[in-house]
Every structure is written in C-alpha cells, then in structure tokens.
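The residues making up each chain are set out below.
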Amino acid sequence: MASDPYADRTLEALGLAEAPRDRPLTYPGAWPGESGLLDGDRLLPLTTGRTFPGRVPVLAVGSNACPGQLRHKMREYELSSPVPLVKARVTGLEVGVSAHVSAMGYVSASPFRAPGHTRELFITWLDPAQLAAVDASEGVTAPAGAYDRVSLPADDVRIELESGAALDGAHLYVNRRGVLHDGTGTPLRHPGERPLLTGLLARSPRLRELFGATPEEFCARARGDLRLCTAGTRLFAEEGWTTASGLEKYLPGQHTGSPGTGASLSPPLM
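A short tour of the structure in this document, coming up. (Residues numbered from 1 in each chain as written. Predicted model: local features only at pLDDT ≥ 70, side-chain atom pairs only at ≥ 80, totals over all residues. Heavy atoms only, no water.)

### Quick look at helix α4 (residues 193–203)
Reasoning step 1: Looking only at α4, the buried set comprises Glu193, Leu196, Leu197, Leu200 and Leu201. Each buried residue of α4 lies within a common arc of 120 degrees when the element is viewed along its axis, so the set occupies one face.
Reasoning step 2: Where α4 is buried, its residues meet β4 (83–97), β9 (179–180), α5 (205–211), α6 (215–222) and α7 (226–238). (Buried < 20%, exposed > 50% of the residue type's maximum accessible area, 1.4 Å probe, protein only. Helix = DSSP H or I, 4+ residues; strand = E, 2+ residues; numbered from the N terminus. Arc of directions from axis to C-beta. Contact = heavy atoms within 4.5 Å.)

### A word on the side chain of serine 63
Reasoning step 1: In this structure, serine 63 sits in the loop between β3 (56–60) and α2 (67–76).
Reasoning step 2: For serine 63, a relative accessible area of 6% puts it in the buried group.
Reasoning step 3: Among the polar contacts listed, one links the side chain of serine 63 to the side chain of glutamine 69, at a separation of 3.0 Å.
Reasoning step 4: Ignoring anything within four residues of it in the chain, the contact list for serine 63 reads Pro20, Tyr27, Pro28, Gln69 and Tyr106. (Polar contact = N/O pair within 3.5 Å; in protein donor to acceptor, adjacent residues only side chain to side chain.)

### Things to note about unusual backbone geometry
Reasoning step 1: Here the amide bond leading from tyrosine 27 into proline 28 is cis, since omega sits at 10 degrees, within 30 degrees of zero.
Reasoning step 2: Turning to its location among the elements, proline 28 is positioned in the loop between α1 (11–14) and β1 (36–39).
Reasoning step 3: The backbone of glutamate 78 shows a phi angle near 55 degrees, a positive value even though the residue is not glycine.
Reasoning step 4: Judged by relative accessible area, glutamate 78 falls into the exposed class, the value being 73%.

### As for the environment of arginine 23
Reasoning step 1: Turning to its location among the elements, arginine 23 is positioned in the loop between α1 and β1.
Reasoning step 2: Separated by 83 residues in the primary sequence, arginine 23 and tyrosine 106 place their C-alpha atoms 9.3 Å from one another.
Reasoning step 3: Within the structure, arginine 23 has its side chain in polar contact with the side chain of glutamate 18 (distance 2.8 Å).

### Some words on the state of the cysteines
Reasoning step 1: By the definition in use, this model includes 0 disulfides.
Reasoning step 2: The thiol of cysteine 219 is unpaired, and the distance to the nearest cysteine sulfur, on cysteine 229, comes to 10 Å.
Reasoning step 3: Here cysteine 219 falls in the buried class, since its relative accessible area comes to 6%.
Reasoning step 4: Given a relative accessible area of 3%, cysteine 229 falls into the buried group. (Disulfide = S-S within 2.5 Å.)

### Digging into the pairing of strand β6 (residues 147–152)
Reasoning step 1: Judged by how many residues are buried, β6 sits mostly within the fold: 5 of 6 residues are covered.
Reasoning step 2: Pairing of β6 with strand β8 (residues 170–175) involves 6 bridges; the strand directions are antiparallel. Bridge assignment links valine 150 to a residue of β8, and that residue is leucine 172. (Pairing = 2+ DSSP bridges.)

### Some points on the pattern of salt bridges
Reasoning step 1: Inspection of every chain in the model, using the stated rule, returns 19 salt bridges.
Reasoning step 2: Because the salt bridges share partners, they merge into one network encompassing Glu12, Asp41, Arg71 and Arg75. (Salt bridge = Lys/Arg side-chain N within 4 Å of Asp/Glu carboxyl O.)

### As for α2
For an α-helix, the turn length of 3.6 residues means that residues three or four places apart are oriented alike.
Reasoning step 1: Of all 10 residues making up α2, 7 are buried, and the element is well covered by its neighbours.
Reasoning step 2: Tucked inside the fold, the buried residues of α2 contact α1, β1, β4, β5 (109–126) and α3 (128–138).
Reasoning step 3: A positive phi of about 55 degrees marks glutamate 78, the residue just after α2.

### Here's the deal with the packing of aromatic side chains
Reasoning step 1: According to the stated counting rule, one finds 5 aromatic pairs in the structure shown.
Reasoning step 2: Look at tryptophan 31 and phenylalanine 122: their rings are 6.2 Å apart centre to centre, the planes differ by 85 degrees, and that puts the pair in the edge-to-face class. You can see tryptophan 31 sitting in the loop between α1 and β1 and its partner phenylalanine 122 sitting in strand β5, a full 91 residues away along the chain. (Phe/Tyr/Trp six-rings, centres within 6.5 Å; stacked < 30°, edge-to-face > 60°.)

### Considerations on the side chain of asparagine 64
Reasoning step 1: Note on placement: asparagine 64 falls in the loop between β3 and α2.
Reasoning step 2: When its relative accessible area of 9% is taken as the criterion, asparagine 64 is described as buried.
Reasoning step 3: Looking at asparagine 64, its side chain comes within polar contact range of the side chain of glutamate 138, at 3.0 Å.
Reasoning step 4: For asparagine 64, the contacting residues outside a window of four places in its chain are Leu70, Lys73, Leu85, Thr124, Val134, Glu138 and Tyr173.

### Considering the packing of α4 against α6
Reasoning step 1: Running from amino to carboxyl end, α4 crosses α6 at an angle of 95 degrees, the nearest separation of the two axes being 9 Å. Judged by the angle between their axes, α4 and α6 are roughly perpendicular. Where α4 abuts α6, its residues Arg194, Leu197, Thr198 and Leu201 lie against Pro215, Glu216, Phe218 and Cys219. (Axes fitted to C-alpha atoms, helices over the stretch in contact; angles between N-to-C directions. Parallel < 35°, antiparallel > 145°, perpendicular 65-115°, else oblique.)

In structure tokens:
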C-alpha cells in the first residue's frame, strides 16, 4: 500500500490544530505560514490558482484564519468540503479589538480602516454553505449579533495576491459596535488575548469586578455566560473605550443578495 504523501500535513503535525474556542487565551490561534487548502484534518498545498470562481472571498482578521478554529466551525454545521486559505497583502486595513465580549470566552478581533497601511492577511474562499455557516458563527444572522458581513470595493482596500495581481474586492466581517481605542481615540491593535486582557483589566476596577483580576479568570467567567458578556460589552461603552472602525459606511445591507449567500443557520454562542 502506498504511503500517504500528505501524512505530515495534518493540522496536528503542522501545529495548527488548536482552536481558540477551546483555549480562549490562545486567540486568534495559529495562522499558517503559507496558502493552503483546509481539507478535514489536513492543510494541503494549493496546486491551483489563488482565485476560485463560484466561491466568495472573505478576509480573515481573527480566528477565521486559524485552521483549527475553521475546522471546528465547518464540523459544527456538518460541512466537509475543502476551504482554500490564500495569503494576500492588504492595504487599507488593520486588525483591531472588537467592542464586545464573546461568549467563547475572549475579546475578539475586528478590522478598522487604516489608509496606506499594508499587512498580510488570509482570504478564505467559501462556497454558499460554508459562507452561511461562518455568517452564523459571526452573528450576522442574529439581530443582536456582533458582526455584519460587508463588501469592500477594490478602490477602497487593495488586496494583492501572491502573484501580484489585485483582487477585485472581497468580503469582511465588521463589528456592529465598533472597536476599542488606545486611550487617544486611535483604534487599538489586537496584541493577542493575554496581553489584551491584562491591559484591559488593569485599566478598569469595574471590569475586574465582573470578570476577575487575571486573564484566566476573565475567560473562565465569560465563557458561555451571555448575560455577563452583555454586561462587559456595555461596560466597554460606559468606560468610553469604544470608537468607530471607519468601516461603518459599508454596513447597511451590503451583504444582502451577495453572490454565494446561503440559507440562514442558527448561530452558536458568539
């Protein structure tokens, strides 16, 4: 029997299997070092191009670029088709901090407008069923959900593939409540969950009363407690920590009727 040529491409072997939803302090999780095809428990090399007709390109700014987290979401909705993850250089965006506490037990990432700034992000190319699943996981389909999915025009945000070709726009999940700022009104860049929570707890006695004094306590108390997470989200606003992401102009109904939009699914804990 021939040996499996991709035996060394399992998520476990690549160090990409851990999902932040299982260990919140690892958020946003490990991202791949290169483009690949998430196929069940494996991340395979991409042997075709970097665009996929019939699929929707969605920029990942947080744990959606973590194969372990993405695998969990696909399994949650019993989806088994592969997901291409394509590395790109994106100009005009940066990764900030969502102005809400997730019932997964962490404070997640959300993009903000950063004209002239370039950084690497991943594009997930999703088929209709996968798009519906990720929409549900992000709260797009829930009236009180944290995120909405918007369509970014190429004129506003440049997305350059590894070939050097520019993508003609993409979709993006934007937090409906805005992002946290750094104390000066400038959106705060997400530094990773442990340093983020350490800094937030140090700034607010009220936050420590709700979630405890350490990142570990914060995650343990927040996880699965929707009422507490709602109180924490409200506290961010009351403390004056929230600001606009600069992406609000795309929010009203931009995802409705987009190519690849699938049927609504029930959202899990967000």
